[in-house]
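Each chain, written out:
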Amino acid sequence: MTETVVLKVTGMKCGGCENNVKQKLSELEGITEVKADHKADSVEVSFDASKIDLAAIKQAITDAGYVVND
Ligand SMILES: [Cu+2]
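Remember, it's a predicted structure, so these values are computed and weren't measured experimentally.

Novice: Quick question: what am I supposed to make of the pairing of strand 3 (residues 42-48) here?
Specialist: The side chains of a regular strand alternate, residue by residue, between the two faces of the sheet. Within strand 3, six of the seven residues are buried, which leaves the element mostly enclosed by the surrounding structure. Pairing analysis gives seven bridges linking strand 1 (residues 2-10) to strand 3, with the strands arranged antiparallel. Bridging from a neighbouring strand, Val 6 pairs with Glu 44 of strand 3. Of the strand pairs in this sheet, strand 2 (residues 31-37) and strand 3 are connected by six bridges, and their pairing is antiparallel. Residue Val 34 lies in a different strand from strand 3, and its bridge partner there is Val 45. Between strand 2 and strand 3, which follow one another and run antiparallel, lie four residues, and Asp 41 among them has a positive phi close to 50 degrees.

Shown next as structure tokens:
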């Protein structure tokens with residue numbers, strides 16, 4: 001089942017950061033779509049909940065050097 005979450009992510013300063021987040025998340029199994037907006041501090045992720053959980057998504061964003069606020 002596909003779920004979509006919108007996370008508040010700070011630390012993205014430009015389009016390069018958006019691409020970095022998108023790239024890192026896209027490498028993970030189960031991620032189907034990523035939209036990142038540094039101006040809105042927002043990352044929208046669609047994922048297959050049977051393959052990956054939210055904690056792993058948040059961890060990947062953290063590992064990429066950004067901060068997930070929740
Ligand atoms: Cu940047």
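Novice: Could you clarify how one ought to interpret the coordination of the copper ion in this entry?
Specialist: For the copper ion, the protein coordination sphere consists of Cys 14 (SG) and Cys 17 (SG), at 2.1 Å. On the basis of relative accessible area, Cys 17 is assigned to the buried category, the value being 13%.

Novice: Got a minute to help me understand helix 1 (residues 15-26) in this structure?
Specialist: Since the α-helix turns once every 3.6 residues, residues separated by three or four places project in the same direction. In this model helix 1 runs 16 Å from its N-terminal to its C-terminal C-alpha over 12 residues, within 8% of the 16 Å that 1.5 Å per residue would give. For helix 1, every residue scored as buried is listed here: Cys 17, Glu 18, Val 21 and Leu 25. Angularly, the buried residues of helix 1 cover 105 degrees about the axis, an arc narrow enough to put them on a single face. Against the buried residues of helix 1 lie strand 2, strand 3 and helix 2 (54-63).

How each quantity is defined
Residues numbered from 1 in each chain as written. Predicted model: local features only at pLDDT ≥ 70, side-chain atom pairs only at ≥ 80, totals over all residues. Heavy atoms only, no water. Buried < 20%, exposed > 50% of the residue type's maximum accessible area, 1.4 Å probe, protein only. Helix = DSSP H or I, 4+ residues; strand = E, 2+ residues; numbered from the N terminus. Pairing = 2+ DSSP bridges. Donors = N, O, S within 2.8 Å, 3.2 Å for Na, K, Ca; no water. Expected span 1.5 Å × (residues − 1). Arc of directions from axis to C-beta. Contact = heavy atoms within 4.5 Å.

No statement about biological role is implied by the geometric values presented.
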